[in-house]
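Coordinate analysis (summary)
So you can see what is in the structure, the chains are spelled out below.
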Amino acid sequence: MNIIELQNKIVELKKEKDICILAHSYQAHEILEIADFTGDSYKLSVDAAKATNKNILMCGVRFMAETCKILSPDKRVFLAQPTAGCSMADQMDRQLISQIKKMYPNYTVVAYINTTADLKTICDVCVTSSSAVKIVNNIKNKDILFIPDCNLGNFVAKQCPDKNIKLLNGGCPIHACVNTDDVKKAKELHPNAEVLVHPECVPEVVAMADYVGSTSGIMNYAVKSDKKDFIIGTEISIAEHLQYMCPDKNFYALSLKLICPNMKSTTLADVYNCLAGKGGEEIMLDDATIKDARKCIDEMIKLG
Ligand code: 13P
Ligand code: SF4
């Protein structure tokens, strides 16, 4: 089967099986083409909860599929590629954070959405890269323990100077490996380009950017901007998708190191196999995990 035939089969099967396909913006172009909803991690889980289909297929990483299950417990949620974890979400677990919470008993624990469902059960409020600053500002408590990403946490702390934010040493190894030399080189090659970066990048890189935002934030900014050239400091797919969306503009990857192997492990064949019942994994969470993790996500919706 060629790509078009495979895509047509997928479209037929998703109708037949009443499955809504979600694809994170870091997925490949041919996967976005067959998705019902695309976007950042937060938007996808909200879209999934609103969809009327009985089943959801996530093309993304495990914590995103778990978030969908927490928000839509009555739907069957599948992850197209079972090995697709998130290196950041896998860095901290419930046992570790339970111990750390004992050291900071009066702190509000703010968890980036890139955390496991199990860890979310002991956190107070969730944030996404697009909502973190607003939510932290809206928390009454001055003392915040922000997990797991110290780079996003650092960005939030700068925007929320009235808060006392304690960070741990976690983060995204993909975004964190871009450095100021990479930015200088990209600017030399494309002197008229604006630099747009994700807040998972290190503070020195964030400080050199013209715009800092989530994957959706970066895409919206670039689409609306009057500028023509952009250096994109997040997973390499975003530059590619933007090039399709805005053929009259020019998009350059900040660094070729910005490839997430977790996100890129899902193929169109995985999507087909999952729909055909020959692959993928159904996300199973027990009722207590769903109930407790949901509190932290509901708090995000309330404060966001
Ligand atoms: P978004 O919340 O911007 O979709 O980011 C998710 C992610 O994994 C970034 O690396
Ligand atoms: Fe996780 Fe980083 Fe990949 Fe995002 S880019 S899914 S944070 S490993």
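This write-up is about the structure you can find in this document. (Residues numbered from 1 in each chain as written. Chains lettered and ligands numbered in written order. Predicted model: local features only at pLDDT ≥ 70, side-chain atom pairs only at ≥ 80, totals over all residues. Heavy atoms only, no water.)

**Notes on the pairing of strand E8 (residues 164-167)**
- Where strand E7 (residues 143-147) meets E8, four bridges bridge the pair, whose relative direction is parallel. When the bridges of E8 are listed, phenylalanine 146 appears paired with leucine 167.
- Of the crossover connections in this fold, the one passing from E7 over helix H8 (residues 150-159) to the parallel E8 is right-handed. (Pairing = 2+ DSSP bridges. Helix = DSSP H or I, 4+ residues; strand = E, 2+ residues; numbered from the N terminus. Right-handed = clockwise from strand over helix to strand, strands pointing away.)

**Some words on the sheet that holds E8**
- What the four strands build is an open sheet, ordered E6-E5-E7-E8; its pairing is parallel. Edge positions in the sheet fall to strand E6 (125-127) and E8, since each has one partner strand and no second. When strand polarity is set aside, the average angle formed by the axes of neighbouring strands in this sheet is 30 degrees.
- The pairing of strand E5 (residues 108-112) with E6 spans three bridges and is classified as parallel. Paired with valine 110 across the bridge in E6 is valine 125. (Axes fitted to C-alpha atoms, helices over the stretch in contact; angles between N-to-C directions.)

**Thoughts on the site of ligand 1**
- Around ligand 1, a shell composed of His24, Tyr26, Asp40, Ser41, Asn114, Ser129, His175, His198, Glu200, Ser214 and Thr215 is seen.
- One of the side-chain nitrogen or oxygen atoms of serine 129 is found 3.2 Å away from an oxygen atom of ligand 1.
- Note that an oxygen atom of ligand 1 is positioned 3.0 Å from one of the backbone N or O atoms of threonine 215.
- Relative to its unbound accessible area of 300 Å², ligand 1 is 96% covered by the protein chains.
- The residue inventory of the shell around ligand 1, partitioned by class, reads one nonpolar, eight polar and two charged. (Near = heavy atom within 4 Å. Polar contact = N/O pair within 3.5 Å; in protein donor to acceptor, adjacent residues only side chain to side chain. Areas by Shrake-Rupley, 256 points an atom, 1.4 Å probe, with all protein chains shown as cover. Nonpolar A, V, L, I, M, F, W, Y, C, P; charged D, E, K, R; others polar.)

**Looking at the environment of aspartate 143**
- Its place among the elements puts aspartate 143 in strand E7.
- Considered as a pair, aspartate 143 and threonine 289 are 146 residues apart in the sequence and their alpha carbons are 26 Å apart.
- In terms of polar contacts, aspartate 143 uses its side chain to reach the side chain of asparagine 164, at 2.9 Å.

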